[in-house]
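Here is how the chains run, residue by residue.
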Amino acid sequence: MRKLRSLFISHGAPTLVIDDIPARHFLAQLSQTMPRPRAIVLISAHNIARQTVVGTAANWQEWHDFGGFPAELYQMQYRPKGDPALALQIAQGLADLGETVAVSDDSAIDHGAWVPLKLIYPNADVPLITISLSQHMDNAAHWLLGERLNQILPNDVLLITSGSITHNLRDAFCRMQSASGEYTVEQYASEFIADSYAALNTQGKDFWLNWQNGLRHARRAHPTSEHFLPLLIARAAAGDAASITPLHQSIELGVLGMDVIGFNWP
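Because the structure is a prediction, the values reported are computed rather than measured. (Residues numbered from 1 in each chain as written. Predicted model: local features only at pLDDT ≥ 70, side-chain atom pairs only at ≥ 80, totals over all residues. Heavy atoms only, no water.)

J.: Break down the overall build of the chain for me, with residues and values.
T.: Of the regular secondary structure elements, the chain holds eleven helices and 14 strands. The C-alpha atoms of the chain give 17 Å as radius of gyration, which agrees with the globular expectation for 266 residues (18 Å, within 12%). Along the first, second and third principal axes, the C-alpha atoms of the chain reach 55 × 45 × 35 Å. Relative to all contacts within the chain whose residues are 6 or more apart in sequence, the contacts with residues 24 or more apart total 81%. Counting only carbon and sulfur atoms, one obtains 48% of the accessible surface of the chain, whose full area is about 11200 Å². Averaging the positions of the 18 positive and the 25 negative side-chain charges in the chain gives two centres separated by 3 Å. (Helix = DSSP H or I, 4+ residues; strand = E, 2+ residues; numbered from the N terminus. Rg over C-alpha atoms; globule rule 2.2 N^0.38 Å. Contact = heavy atoms within 4.5 Å. Areas by Shrake-Rupley, 256 points an atom, 1.4 Å probe, with all protein chains shown as cover. Lys, Arg positive; Asp, Glu negative; His and termini not counted. Charge placed at Lys NZ, Arg CZ, Asp CG, Glu CD.)

Next up, the structure:
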């Protein structure tokens, strides 16, 4: 397998785009440190369909798929162009490799996509294509999707997968209700993140197909798997001999890892 360049982003809450936190500042300068791609293929933890769906929209529009946040978030726009021809080419390439694929020209992009992109490319001037997760949440199927993307994505297209290295919202909400505003890092979160990095550098496909049993505290760090599957896809897409580069590491509320990981970077 070739060494495709891919990027995993922990997107946090929608307020990432306005919060004064290390992850926001990192993403805001990221485009200055990497080659400009011809287009972005983005897979978000919040884009889930019955099967793999490739987004073919010619013009994208932000979707405010959240509630109870500051009013300024609902005024924000992020409206990049699409690349329908390339999207159809990708869909056909996946189908030719055996993927069950649908296409959609629905132009809405969820906050797992537009929030980090608004920080990285604030002018919305890089064409966007989306690919969904499949609702069965199967590790093997999503790893295979990454392997297939390795085979068909052009070298000048950047694959971004958007999820979270830890994602226990119940623990996060409990922390948000704390009056102190001071958050110590939960041991389970730090140990899960450490184990994830160790495995990325040492383990292959068989381990990742059973990551819930191989990583300490996996089921507490991810009560559901949709925010971790994007990491599997990025790792699989990067190829067998991928290099792993921790680009950013921070943690919010003591439990939500905001890690950004580059594969074959830059």
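J.: Give me helix α3 (residues 84–96): which residues, what numbers.
T.: With 13 residues, α3 ought to run about 18 Å at 1.5 Å a step, and its terminal C-alpha atoms sit 18 Å apart, in line with that. Taken together, the buried positions of α3 are L86, A87, I90, A91, G93 and L94. Within α3, the buried residues cover an arc of 160 degrees as seen down the axis, which keeps them to one side. Opposite the buried face of α3, at more than 90 degrees from it, the exposed residues are A85 and D96. Looking at the buried side of α3, the elements it contacts are β2 (39–44), β4 (52–55), β6 (101–104), β8 (128–131), α5 (139–152) and β10 (157–163). Where α3 terminates, the next one or two residues include G98, which has phi positive at roughly 105 degrees. (Expected span 1.5 Å × (residues − 1). Buried < 20%, exposed > 50% of the residue type's maximum accessible area, 1.4 Å probe, protein only. Arc of directions from axis to C-beta.)

J.: Could you give an account of helix α11 (residues 229–237), naming the residues involved and the relevant values?
T.: Within α11, nine of the nine residues are buried, which leaves the element mostly enclosed by the surrounding structure. Trailing α11 by a residue or two, G239 shows a phi angle of about 100 degrees, which is positive.

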